Amino acid sequence: MIKLIEEQINASVELNKLLLKDDLLEAVKKAADLVIGAYKEGGKVLFCGNGGSAADAQHLAAELVGRFKKERRALPAMALHVNTSALTAIANDYSYNDVFVRQVEAFGRPKDVLIGISTSGKSENILRALTLAKEKSLKTIGFTGKNVANMRPLCDVLLSVPSEDTPRIQEVHMLWGHIICGLTEGELFDGK
């Protein structure tokens, strides 16, 4: 069992080493710049994801609304799956593929950012939400794994983990999300 634990940790360490490539570092910076820009313009950040990615979306929204590391004013952010009445009504009355797009229609404004999280890069409800967000002039950020074909054209910034292993992808998504939260707090609240 110890050997299996070591293998999992080593897999994570090796993947994290790949994240130090200039193009990935620049993509994380660009994503943070979009979030910071939205807040400077009076916008908000909307998140959407399914399963573990929904948990990541909710976690990151909470970091922005509550606090990440600094005592500061709350920043407007929301995970679109947390209103279970809306989620289940939309899924029932329309389809599960529409649960996020209907909420982007309701809440998304041109100064906002939509962050769509899909480890597979193929989640139809995420793709639809990103498509509408672009049509409504929101900035869009995608978090995904190695499969980028569906999300790339829908995202102003696409953060793609060089892996197909869902647990490793989710670990990196949280790392990147935390970095973006920290950069956002630093830019908006340092020295204030």
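Scoring rules and cut-offs
Residues numbered from 1 in each chain as written. Predicted model: local features only at pLDDT ≥ 70, side-chain atom pairs only at ≥ 80, totals over all residues. Heavy atoms only, no water. Disulfide = S-S within 2.5 Å. Pairing = 2+ DSSP bridges. Helix = DSSP H or I, 4+ residues; strand = E, 2+ residues; numbered from the N terminus. Axes fitted to C-alpha atoms, helices over the stretch in contact; angles between N-to-C directions. Contact = heavy atoms within 4.5 Å.

J.: Tell me about the state of the cysteines, residues and numbers included.
T.: Under the counting rule described, the total for this entry stands at zero disulfides. The cysteine Cys48 is free of any disulfide, with Cys155 supplying the nearest cysteine sulfur at 9.8 Å. With no disulfide of its own, Cys181 lies 16 Å from the sulfur of Cys48, the closest cysteine sulfur.

J.: How would you summarise the sheet that holds strand β4 (residues 139-144) if you had to cite specific residues and measurements?
T.: Spatially, five strands are ordered β2-β1-β3-β4-β5 in an open sheet, and the strand pairing comes out parallel. Lying at the two open borders of the sheet, with one neighbouring strand each, are β2 (77-79) and β5 (157-160). Taken pair by pair, the neighbouring strands of this sheet meet at an average axis angle of 15 degrees, ignoring direction. Of the strand pairs in this sheet, strand β3 (residues 113-118) and β4 are connected by six bridges, and their pairing is parallel. Paired with Gly116 across the two strands is Gly142, which belongs to β4. Across the sheet, helix α2 (residues 22-40) touches β1 (45-49), β2, β3, β4 and β5, and the angle it forms with β5 is around 135 degrees. Against the sheet, helix α6 (residues 124-135) engages β1, β3 and β4, with an angle of about 160 degrees to β3.

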